[in-house]
Structures are given as C-alpha cells and as structure tokens.
2 protein chains.
Amino acid sequence: MAGKDVPVSPLAPKSFPEVPPVEGVRFATAEAGIRYRGRTDVLMAVMDKGTNVAGVFTKSKCPSAPVDWCRAAMKGGKARALVVNSGNANAFTGKTGKAAVKMTAEIAAKAAGCKPGEVFIASTGVIGEPLDASKFERVLADCVSRAGDGPWLDAARAIMTTDTFPKAASRVVKIGGIEVTIVGVAKGAGMIAPDMATMLSFIFTDAPIKAPALQAMLASGVKPSFNCLTIDGDTSTSDTLLLFATGAAGKRGAPTIATAGDRRLKEFRAALDDLLLELAQLVARDGEGARKFVEVRVKGATTAKSAHRIALSIANSPLVKTTIAGEDANWGRVVMAVGKAGEPAERDRLAISFGDIRVAHKGQRDPSYREDEAAAYMKNDHIVVTADIGLGKGEARVFTCDLTKAYVEINGDYRS
Amino acid sequence: MAGKDVPVSPLAPKSFPEVPPVEGVRFATAEAGIRYRGRTDVLMAVMDKGTNVAGVFTKSKCPSAPVDWCRAAMKGGKARALVVNSGNANAFTGKTGKAAVKMTAEIAAKAAGCKPGEVFIASTGVIGEPLDASKFERVLADCVSRAGDGPWLDAARAIMTTDTFPKAASRVVKIGGIEVTIVGVAKGAGMIAPDMATMLSFIFTDAPIKAPALQAMLASGVKPSFNCLTIDGDTSTSDTLLLFATGAAGKRGAPTIATAGDRRLKEFRAALDDLLLELAQLVARDGEGARKFVEVRVKGATTAKSAHRIALSIANSPLVKTTIAGEDANWGRVVMAVGKAGEPAERDRLAISFGDIRVAHKGQRDPSYREDEAAAYMKNDHIVVTADIGLGKGEARVFTCDLTKAYVEINGDYRS
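Residues numbered from 1 in each chain as written. Chains lettered and ligands numbered in written order. Predicted model: local features only at pLDDT ≥ 70, side-chain atom pairs only at ≥ 80, totals over all residues.

(A) How the structure looks around the overall build of chain A. Looking only at helices and strands, chain A features 12 helices and 15 strands. Here the C-alpha radius of gyration of chain A, 22 Å, is about what a compact globule of 416 residues would show, namely 22 Å. Per-residue burial over chain A gives 64% buried out of 416 residues. Considering only contacts in chain A between residues 6 or more positions apart, those separated by 24 or more positions represent 80%. (Helix = DSSP H or I, 4+ residues; strand = E, 2+ residues; numbered from the N terminus. Rg over C-alpha atoms; globule rule 2.2 N^0.38 Å. Buried ≥ 20, exposed ≤ 12 C-beta atoms within 10 Å, placed from the backbone. Contact = placed C-beta atoms within 7 Å.)

Structure follows, in structure tokens:
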C-alpha cells in the first residue's frame, strides 16, 4: 500500500461535496511524519461528553492492534476522541503494537481530557512495521487546541493511503421534527473485500441515539453497502467503521432514541443506509487502478445468500475484471464465474446481460445479441453485469471495479 | 483466452523432453480451422481395443458439452479414441453444443472403427461460441490414416491455447518385472484453479490396469498436484484429465491389475503421482504473464484441510501475487491472506518465511530479518512462501505464479 503518485481515478466525483458541521464534533489534522512527507497523516476528533458509539470491524483472524483496542473500548459504548493515522497500519506488530495503541490512547486522552477507554483508534498503511506512537505526543494536544467543526475535506484527506481522492458524504434529516446531521468520511482503495476492507470509515451525527440502537442500525446498514464491496477479494487486517452520535441535537429538542425499531428513526435510518451506500460506492470508484465502476447483479438464485456468493464470485474473478478493463463483452467468463461459485446453477437456465443487452439466454448466446451493441456498451465507465440464475428469487448486488495494469503497477511496487 | 502472440514463459523448461511411444496408442494432429490459422488445432488419438479409461473433471456447475459427454462415456470404462480441439471450448452452447459433441463422436467413431460411446472429447478455447463440428469431417479420418506413435510434441502443441510452450512428461517403470510406459501431455495457462482448470491433460499408459483401479489412482494423484494448482482462482467450465491404459504391455507379460491396492502397482503409482505433479507444475510455470513460479507452503494449521484453504487464500491473493511480481518481500500481505482465509489462526503464533528467510515470527517482524537479504531472495524465479500457523500439524502445498501486467494485458484484450 505504498503511497505512490498516481493520477486521480477517472471515476471520482467532479468535486468534493459541501459537508456541514456536526454539532458536538470538532477535529483537526496534523503531520506526524509517520511515513509520508509533506502531507497530513493524523486526524484527531473530539466529541462532546455523552457521545455514544457503534462499530463494525474486519473479520480477519489477524486483526491489527487498533482493531483489538476498539473492540474492547466498544464495550463501554461511550466515546470522546478518535485518532486516525495513515501510513502505518500497526498490524502484525505484536506486543509493540499493543503498547503503541495504548500509548496513543493515553496521549489522546490527556489531550482531550477523557479516559483512554473513551479514545477510538484506527491505523492504515503498511503492515508489520512498528508504529512509533511517541510521534503523536507532539501533535495531538495541538490538534485539540486547534480543533474546529470543519472543513471535512481535511479530515478525509488525512486518512488517505493509496486513495486518489478524498471521500465524504452527508445527510440532513429530522428526528421528532428536529433536524439532525449525519456526516461520513471514508478511505480505502485496495485490499478491499467483504466483509470490510483496508477500509476506514467514520460517521458522525448529532442525533441523540443510544449505543445499542446505533449498533443495530450500523450492522444492518453495512450489509448491502460495505459488505457488498470488493476490489480484489483481499480483506484487510484493519477494517474499521465507527458511528458516533454526540446527542447534541437533544439540546435543540431532538428526542433521545433507545431502540433501532423506534418509528421516529425511520427517516434517519434510511438516510444512514443511503450514506453508507454512497461511501461504499466512492471506495469502489477509487479501487486501485480502476477505470470502470462495476455493479454485479444476481437474480433468480435459490436464496439471497446464494445470490450474494455468486455475485462475489463474478466480482472477484480476475478474468471478468480484466475483460471489463479491456471493454470486451466476454460473457463466457461470467458463465465461468457463476459455475465456479459452488452454488446451485443450471447452464440451461442461465441468462447474462451487460447493461440492458442480454448476451446469453437458456444455455447459449442470445440469438438477438449484436456484438457491436455490446462493444459500445462496454465503453461506459459504469458497467452493470447481470446474471439471472433462473432457479428462484434470491437477489444480490455487489460493487467492484475493473482490474487494470495500473492495479498491478500500484501493488507490484516494481523496485528493480 | 484469445490466442495472442506472447513470448515464451521465462519459467519454461529449456527444451521439450524426450518422450517415448506408448504401445497401443497412435495419434495425429491436424488444422481443422476452428479458430486459429496456420497452426494445428485438433489432436486425434486412437487406442487399442480393450483400453480402459479413468477421468476427473471440472467441478463447475456450468460444465462444457464435452465434459458432460465424457462423464457419460466414462460409465462404460472403455475408450478407443480421443478428440481434442483448441480454439473453441464448446461451453455454454446449449443444445447446439450437445449436438456438436455428438456429431464429433460419430465422425471419430466412424474414422476409428469404434462406437461413439468409446470416443472421448475435450475442447478448449472461447466459451459461448457454437462449435462447427462438421469441420472435423474433413480431418479425423485422415488423422486416423496418418496416426503414428509420435512425436508427442505435435500432440502437446495442438491442444495449446494461450500456453506459451508445449507440456509433456513421461515415466518408465515396471509392473510384475515388465517395463511399462506412462506419457502425459497437458495444456493450461489461465482460468486455472482448483479443482482443475481450463486445464486439459491426457495420460496414456500401456500397463494393463482395469478402470476402477485407474480411477482410484487418478483421484488420489490429482489431490496434491492438479488440485493444488491455481493461477487466478478462476475455475474453467472445461477441465478434463483423462487416463487411458491400453493394456498392450500385457502381450509382453505384464500382469493385469484389478485394484489400486495391488502391491505390484507400487512403483507405477509413485511414477503416476510424480508425473501428475510435474505436469501441474508445468502449467503453473506457464500461468498467463507469469515471471515467477510460486510455491505456497502452509504448516502448523489445525488440519490438512485448513492448511489447504489457507494456502489457497495466499496463492489467490492479488496483493500477494503482485508483491511477488514486484520482487518485494511485503510479508504483511501474507498475514492479510492468512487472516482472511477464515481458518483458525492466531496472530501471535504466526511465522512467515520467504525461502529460508524467516521474516515474521510470533506476531511481529523477526528481529533477525534483514530486508536486503529478503530483497535478494525475491529476485529468484522460484519463490517459496511459507506460513507456519503454529497451532497444529496440518500441512499443505499449493502452486501458483505471480500476477503481472502481462496477465492483465493477455486477458484484457484491449481492443480500443
């Protein structure tokens, strides 16, 4: 995940969005010099007393030290500070790594005036290098003194590694008639696979929502969004998605919500789901070397789970991804990927489409399919591949990108 | 799988081996003009009456028409002819494909003077294009009339698609004091994954061994060889491995063997296992775009099955494969791949080595590890990656190759 200079993804949004402040959250960024030079590499956010937190993490069996730390800190359900660094993942760093994360929490707690157990930490970058946490000593207190309610662009930039553009999204909705704000930033470009990725995302809201309700909403919201995102099938040791609710909108009359099923959350919930989807898609649009955003849709599978597995088999297939990079409607590779998924499928019931063009149907090439039409479609930068299994009602959707020579270049780090 | 002109793999053997004839097998090759121009694309072999056959096939849920055909023909246990074509896989071709394979068998049976059910067929190449089997009409009878006991180089060449070199191996061993010969040819370069691949391999012996014994030996022999081979994790619709035993050595006094457990088979069995391993490794050495042959060893897993899954997770990881292509000892990616395998693993017990250089130990970088030493090792064209899970006695070994820009180029078929 070396930070090379690569051009901005052609799939990036034209500009960074307008992102409003979130009451109860202040932040600043700094150059701690962890690995990069001449750019910010630390984000420190401080949250009002009473902030609740929820989180989901990598399913890797070898999680990073910060992931271990956050999982433990989650049990309190309360958060006062967040420290994120880029350049070093503090993963596979053994006792040194554990000590580094503890030291970081202590430095941050002192700076923010809270307990270490209320500090959440995320690190992204190289795996296996010891992280010198003493570098935070010089910068975190200063971050707290400088902390403000924006600009979010700075926060999104400080957490980037091989990302080619900063990622953020926001929503404003009402709870009990009172406006609340949701803001999320994300990073991630490679080593992105369900469930979660070298993917960090931090979401902040001023809504007064208790931790168990936050957790339930987050767990459900990641399913069709971040858990349906794959760049290369490689799941990172460090994936972290945290949701902080400061409750500051309570001062303006927003009711405190205790359970995710509360009907007053309906609008909030939809907005959160939507924001998670937007952030996940932004990550796919910044897949290392990506030139095309790819949406894989599977329908007609025996179950939704089966559909999801088939969709991942297609989305992770190097041969499917290279054929999309080559703008070649080589649907035989989609057949291959359906066939290898190990899920119920029958050749003679299978149909495959690129966009609205059905290329294969009932076990063979669609008689009405015209190659020039498909070739024209493949030139788009948003490609929808649909496989209709023809057996049941199971549906799934997965997001990915194409596999280009630039991916190999970025990750090959050709030193010779 | 377009047949582009690419240079011969740097991992190819220096020359094609000396391969002896196999009594009872005659073959010829021809240009049927299926897809390629100016090269042979059909192999037709005829075998003596009484030839027994065994086979293993792709586990794809969408197998090709020839795979369906062979599975059915296998039930007879007898074979008299083999027809292999390159350029078109006759996969996902529906009823047309089924009719094409039937027509091929009929043409071959007429030419060879046998029943269609004694004809075995394999096709490799593009998926989804109808195969015009009438093209065989012009060539198969001529093949039979020209058929001889060599040269095997011609057979190995006619079945190539994106392969950059022809692949064959042979062994001569004794059964009951009588010499018997085993010869195998193989093709496969991409879409190679356990279990089996766009991988075709045909093995011939003059040993008098009955079909159930052949089948048992083949099923066991593919486990540590072809089923431990992955190029890109993509399993083809067409993978076929057939083993023919003509029994011609019986005339020279070789005893007929009925069961795989027969002690007189010991030497034969070892030679067959070894030949399967050699052929599988040749396929890995010709992985599309490969510059390095990679051996992934996992030990200390809880079970052998768990070790195999972890080894595949490492061998299929694009990030591991690109780091090897880049000659970068980025062992953090191996940690990632162990972690994502979903198998029992503990960070603080894990050790990782490149060759004999232990780079990580007990959850962190090995203190004695020197980066220049590892960097020098990574320049080799045979890289051994070892992950010691430290939990049990489960071991596995998987073969693969690196992931280079050439892989993307070959498979991207950049038409624009």
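(B) Summary view of the nonpolar core. If you look at the biggest cluster of nonpolar residues, it comprises 303 residues, and the most contacted ones within it are Met44 of chain A together with Met44 of chain B. Sort the elements by how many residues they give to this core and helix α7 (residues 266-284) of chain A lands first, with 11 residues. Once residues lying within four places of it in the same chain are set aside, the contact partners of methionine 44 of chain B are Phe27, Ala28, Ala81, Val83, Ala108, Leu140, Cys143 and Val144 of chain B. (Core = buried A, V, L, I, M, F, W, Y, C linked by C-beta atoms within 7 Å.)

(C) Focus on the sheet that holds strand β6 (residues 167-175) of chain B. All names here are of chain B. Taken in spatial order, the 5 strands of this open sheet run β3-β9-β8-β7-β6, and their pairing is mixed. Looking at which strands have only one partner, the edges of the open sheet turn out to be β3 (52-57) and β6. Taking each pair of neighbouring strands and ignoring which way they run, the sheet shows an average axis angle of 15°. The sheet strands contacting helix α1 (residues 65-74) are β3 and β9 (240-245), and the helix crosses β3 at an angle near 140°. Sheet strands in contact with helix α7 (residues 266-285) are β6, β7 (178-187) and β8 (200-205), and its direction is about 175° off that of β6. (Pairing = 2+ DSSP bridges. Axes fitted to C-alpha atoms, helices over the stretch in contact; angles between N-to-C directions.)

(D) Fine view of the environment of asparagine 227 of chain A. Following the sequence through the fold, asparagine 227 of chain A ends up in the loop between α6 (211-222) and β9 (240-245). Residue classification places asparagine 227 of chain A among the buried residues on the basis of 21 C-beta atoms within 10 Å.

(E) Structural detail: the pairing of β9 of chain A. Residues and elements named next belong to chain A. Taken across its 6 residues, β9 has 6 buried, putting it largely inside the fold. Going residue by residue along β9, you find Thr240, Leu242 and Phe244 tucked away on one face and Leu241, Leu243 and Ala245 tucked away on the opposite face as well. The pairing of strand β3 (residues 52-57) with β9 spans 6 bridges and is classified as antiparallel. Within β9, the residue paired with alanine 54 across the bridge is leucine 243.

(F) Layout of the relation of the copies chain B and chain A. Superposing chain B onto chain A requires a rotation of 180° together with a translation of 0.0 Å along the rotation axis, leaving an RMSD of 0.0 Å. Here the transformation between the copies is reduced to the relation of a two-fold axis. Taking C-alpha positions as reference, the residue of chain B nearest the rotation axis is lysine 405 of chain B, located at 2.5 Å. The fraction of interface residues of chain B whose copies in chain A are also interface residues reaches 100%, indicating that both copies meet through the same surface. (Least-squares fit on C-alpha atoms with pLDDT ≥ 70 in both.)

(G) The packing of helix α8 (residues 304-315) of chain B against helix α10 (residues 332-340) of chain B, seen in detail. Residue and element names in this part refer to chain B. Orientation of α8 relative to α10, taken along the N-to-C sense of each, is 135°, at an axis distance of 8 Å. Between α8 and α10, the angle is such that the two are oblique. In the packing of α8 onto α10, the handedness of the crossing is right-handed. Contacts between α8 and α10 involve Ile310, Ser313 and Ile314 from the former and Val334, Ala337, Val338 and Lys340 from the latter. Here the contact of α8 with α10 is composed, by residue class, of 5 nonpolar, 1 polar and 1 charged. (Parallel < 35°, antiparallel > 145°, perpendicular 65-115°, else oblique. Left-handed = near helix turned anticlockwise from the far one by under 90°. Nonpolar A, V, L, I, M, F, W, Y, C, P; charged D, E, K, R; others polar.)

(H) Here's a closer look at the interface of chain B and chain A. Each partner contributes to the interface: chain B provides 55 residues, whereas chain A provides 55 residues. Listing elements by their share of the side of chain B that touches chain A, those giving two or more residues are α2 (94-112), α9 (318-325), α10, β13 (364-365) and α12 (405-412) of chain B. Among the elements that make up the side of chain B that touches chain A, the one with the highest residue count is α10 of chain B (6 residues). Residue composition of the side of chain B that touches chain A, by class: 19 nonpolar, 22 polar and 14 charged.

(I) Spotlight on unusual backbone geometry. Glycine 150 of chain A connects to proline 151 of chain A through a cis peptide bond whose omega is -10°. Here proline 151 of chain A shows up in the loop between α4 (140-146) and α5 (152-158). One non-glycine residue, asparagine 90 of chain A, adopts positive backbone phi at about 45°. By the element assignment, asparagine 90 of chain A lies in the loop between β4 (81-88) and α2 (94-112). A positive phi angle, close to 55°, is found at phenylalanine 92 of chain B, a residue other than glycine. Among the structural elements, phenylalanine 92 of chain B can be located in the loop between β4 (81-88) and α2.

(J) Region of interest: the sheet that holds strand β14 (residues 382-388) of chain A. All names here are of chain A. Here 6 strands make up an open sheet; going across it, the order is β13-β12-β11-β14-β10-β15 and the pairing mixed. Edge positions in the open sheet fall to β13 (364-365) and β15 (394-401), since each of these has one partner strand only. Pairing of strand β11 (residues 351-354) with strand β12 (residues 357-361) involves 3 bridges; the strand directions are antiparallel. Residue pairing for β12: serine 353 is matched across the bridge by arginine 358. Here α7 sits on the sheet and contacts β10 (293-301) and β15; the angle it forms with β15, its principal contact strand, is near 45°.

(K) Up close: the domain arrangement of chain A. Residues and elements named next belong to chain A. What the domain assignment reports for chain A is domain 1 (25-284) and domain 2 (293-412). Domain 1 and domain 2 are separated by 33 Å when their C-alpha centres are compared. Each side of the interface is counted separately: domain 1 has 11 residues, and domain 2 has 11 residues. The class makeup of the residues in the side of domain 1 that touches domain 2 is 6 nonpolar, 5 polar and no charged. (Domains from an automatic or database assignment.)

(L) Molecular detail of the packing of helix α12 (residues 405-412) of chain A against α9 of chain B. Contact geometry of α12 of chain A with α9 of chain B gives a least axis separation of 8 Å together with a crossing angle of 70°. On the basis of their axis angle, the class for α12 of chain A and α9 of chain B is roughly perpendicular. Of the two elements, α12 of chain A crosses α9 of chain B, and the hand of that crossing is right-handed. Across the interface between the two elements, Val408, Asn411 and Gly412 of chain A of α12 of chain A pack against Leu319, Thr322, Thr323 and Ala325 of chain B of α9 of chain B.

(M) Molecular detail of the environment of glutamate 409 of chain A. All names here are of chain A. Along the polypeptide, glutamate 409 turns up in helix α12. Glutamate 409 gets classed as buried once you count the C-beta atoms within 10 Å, which come to 20. C-alpha separation for the pair glutamate 409 and glycine 289, spaced 120 residues apart in sequence, amounts to 8.3 Å.

(N) Structural view of the pairing of strand β8 (residues 200-205) of chain A. Residues and elements named next belong to chain A. Burial runs high along β8: 6 of the 6 residues are buried. Sheet topology places strand β7 (residues 178-187) next to β8; 6 bridges connect them, and they run antiparallel. Opposite lysine 187, over in β8, you have leucine 200 as the bridge partner. Of the pairings in the sheet, the one linking β8 to β9 comprises 6 bridges and is parallel in character. The partner of isoleucine 203 across the bridge, within β9, is leucine 243.

(O) A look at α8 of chain B. Residue and element names in this part refer to chain B. For α8, which comprises 12 residues, the first-to-last C-alpha distance of 16 Å matches the rise-based estimate of 16 Å (1.5 Å per residue) to within 8%. Of all 12 residues in α8, 9 are buried; the element is thus mostly enclosed. Of the positions making up α8, those classed as buried are Ser306, Ala307, His308, Ile310, Ala311, Leu312, Ser313, Ile314 and Ala315. Of the surrounding elements, those touching the buried residues of α8 are β10 (293-301), α9, α10, β14 (382-388) and β15 (394-401). (Expected span 1.5 Å × (residues − 1).)

(P) Summary view of the confidence of the model for chain A. All names here are of chain A. Residues of chain A with pLDDT of at least 70 account for 94%, and the chain-wide mean is 90. Here residues 192-197 is modelled with pLDDT under 50, and outside its nearest four sequence neighbours on either side it reaches 36 contacts, counting other chains as well. Interface scoring of the predicted complex returns ipTM 0.73; its pTM is 0.81. (pLDDT = per-residue confidence, 0-100.)

(Q) Structural view of the environment of tryptophan 69 of chain A. All names here are of chain A. With respect to the secondary-structure elements, tryptophan 69 resides in helix α1 (residues 65-74). Among the residues examined, tryptophan 69 registers 26 C-beta atoms within 10 Å and is labelled buried. Put simply, tryptophan 69 and valine 22 are 47 residues apart on the chain and 25 Å apart in space, counted from C-alpha to C-alpha. Leaving out residues up to four positions away in the same chain, tryptophan 69 has contacts with Val101, Ala105 and Ile121.

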